[in-house]
Amino acid sequence: MNAVLPVLLALLAITDASFCGFRVAAGRDARIFKADFYRAAIRRGMLRGVFTTAAVGCGIAGACLFAPGLFSQLLVCARAILWVLLPYATLTLVGMGVWAAAEADVRTLASVVVLGPFTLIRPWVIAAAAVVGAWKAPGPTAALVTIAACGVQMAIEPWLNAGMRPRIPGGGSEGTVKQEITRLS
């Protein structure tokens, strides 16, 4: 059970980063067929999620080498964090499942009722997880590590957003837009 909690948190962090990649890309491309664009954005988010999760994991592993009891303290924090994150993640994944499997009207409902509001509350959920994890921490070092790890996760979406701009096929000139329309016809 000791290895399951960090792995579960890492999977949640990478999945969250993938969703962040999609959210950052949504509405930024003027093409009609955006599937490749969105897949690339999700991969970009996932890669940054893997990078940050590995960096945080290495930092925690290094800290645990110098503080022998820290790992067991962090497991207490991880259990507390999961009580906050798992309901949010479960509802988000159910909303994504409905969105992916349903017809257009139900997709819209899933976006409006679940996915949109959950995007807005994401920073608050991560902050709540940090507070609960730090509150349950048996020691100050575990509390600081918990807050830092949650802060890194919260910073992924702004990091993905940096450098993104609206994309218009062909640079946006009228002639290239007509060429794109002709190509699609």
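Residues numbered from 1 in each chain as written. Predicted model: local features only at pLDDT ≥ 70, side-chain atom pairs only at ≥ 80, totals over all residues. Heavy atoms only, no water.

*Asks:* How do you make sense of the packing of aromatic side chains when you look at a structure like this?
*Replies:* The geometry of two aromatic rings is summed up by the distance between their centres and the angle between their planes. Scanning the model with the defined rule gives 3 aromatic pairs in all. Between phenylalanine 37 and tyrosine 38, the aromatic rings sit 5.8 Å apart at their centres with planes inclined by 45°, giving tilted as the arrangement. The ring of tryptophan 159 is capped by arginine 48, whose NZ or CZ atom sits 4.4 Å from the centre of that ring. (Phe/Tyr/Trp six-rings, centres within 6.5 Å; stacked < 30°, edge-to-face > 60°. Lys NZ or Arg CZ within 6 Å of the ring centre and 35° of its normal.)

*Asks:* How do you make sense of the environment of leucine 70 when you look at a structure like this?
*Replies:* Looking at the element boundaries, leucine 70 is found in helix H3 (residues 70-101). For leucine 70 and alanine 142, which are 72 residues apart along the polypeptide, the C-alpha to C-alpha distance reads 6.5 Å. Each residue touching leucine 70, except ones within four places of it in the same chain, is listed here: Ala63, Cys64, Thr141 and Ala142. (Helix = DSSP H or I, 4+ residues; strand = E, 2+ residues; numbered from the N terminus. Contact = heavy atoms within 4.5 Å.)

*Asks:* It is not clear to me how the side chain of arginine 122 should be interpreted in this structure. Could you clarify?
*Replies:* Counting through the fold element by element, arginine 122 comes out in helix H4 (residues 104-136). Here glutamine 153 takes part through its backbone oxygen, which lies 2.9 Å from a polar atom of the side chain of arginine 122. Discounting residues that sit within four places of it in the chain, arginine 122 has contacts with Asp16, Cys20, Arg23, Tyr88, Gln153, Met154 and Glu157. (Polar contact = N/O pair within 3.5 Å; in protein donor to acceptor, adjacent residues only side chain to side chain.)

*Asks:* Explain the UniProt feature "transmembrane region" (unreviewed entry) in the protein chain to me, please; I cannot follow it from the model alone.
*Replies:* Under the UniProt annotation, "transmembrane region" (unreviewed entry) lies at residues 6-26, 47-68, 80-102, 109-135 and 141-160. Annotated as 95% helix and 0% strand, the span residues 141-160 places its first and last C-alpha atoms 29 Å apart. (UniProt positions renumbered as here; feature names shortened; annotations may be inferred.)

*Asks:* So what exactly am I meant to see when it comes to the pattern of salt bridges here?
*Replies:* Any two side chains of opposite charge can pair if their charged atoms end up close together. Inspection of the entire model under this criterion finds 4 salt bridges. Aspartate 16 serves as the salt-bridge partner of arginine 122, at 2.7 Å between the closest nitrogen and oxygen. Residue arginine 122 is found in helix H4, and its partner aspartate 16 is found in helix H1 (residues 4-25); the two are separated by 106 residues along the sequence. Aspartate 16 shares its class with arginine 122; the two are buried. (Salt bridge = Lys/Arg side-chain N within 4 Å of Asp/Glu carboxyl O. Buried < 20%, exposed > 50% of the residue type's maximum accessible area, 1.4 Å probe, protein only.)

*Asks:* Mind showing me how you'd approach the packing of helix H2 (residues 35-66) against H3 here?
*Replies:* Working note: a packed helix pair is described by the angle between its axes plus the distance between those axes. Axis separation between H2 and H3 bottoms out at 8 Å; the angle between their running directions is 135°. The angle between H2 and H3 falls in the class oblique. Judged by residue contacts, Ile60, Ala63 and Cys64 of H2 engage Leu70, Phe71 and Leu74 from H3. Its residues placed into classes, the contact of H2 with H3 shows 6 nonpolar, no polar and no charged. (Axes fitted to C-alpha atoms, helices over the stretch in contact; angles between N-to-C directions. Parallel < 35°, antiparallel > 145°, perpendicular 65-115°, else oblique. Nonpolar A, V, L, I, M, F, W, Y, C, P; charged D, E, K, R; others polar.)

*Asks:* Would you mind going over the packing of H1 against H2 with me for this structure?
*Replies:* Two elements in contact, H1 and H2, have axes whose closest approach is 7 Å; the angle formed by their N-to-C orientations is 145°. Handedness of the crossing formed by H1 with H2: right-handed. Contact residues: H1 offers Ala10, Ala13, Ile14, Ala17, Ser18, Gly21, Phe22 and Ala25, while H2 offers Phe37, Tyr38, Ala41, Ile42, Gly45, Met46, Gly49, Val50 and Thr53. Residues that form the contact of H1 with H2 fall into these classes: 12 nonpolar, 5 polar and no charged. (Left-handed = near helix turned anticlockwise from the far one by under 90°.)

*Asks:* How do you make sense of the environment of glycine 57 when you look at a structure like this?
*Replies:* With respect to the helices and strands, glycine 57 occurs in helix H2. For glycine 57, a relative accessible area of 35% puts it in the partly exposed group. Note: C-alpha distance between glycine 57 and alanine 149 (92 residues apart in sequence) is 9.1 Å.

*Asks:* What am I meant to see in a nonpolar patch on the surface here?
*Replies:* Together, Ile42, Met46 and Val50 make up a nonpolar patch on the protein surface, roughly 210 Å² of accessible area in all. If you trace the backbone, valine 50 turns up in helix H2. Exposure remark for valine 50: the relative accessible area of 39% places this residue in the partly exposed category. (Patch = residues over 30% accessible without salt bridge, like charges linked within 9 Å, V, L, I, M, F, W, Y side chains within 5 Å. Areas by Shrake-Rupley, 256 points an atom, 1.4 Å probe, with all protein chains shown as cover.)

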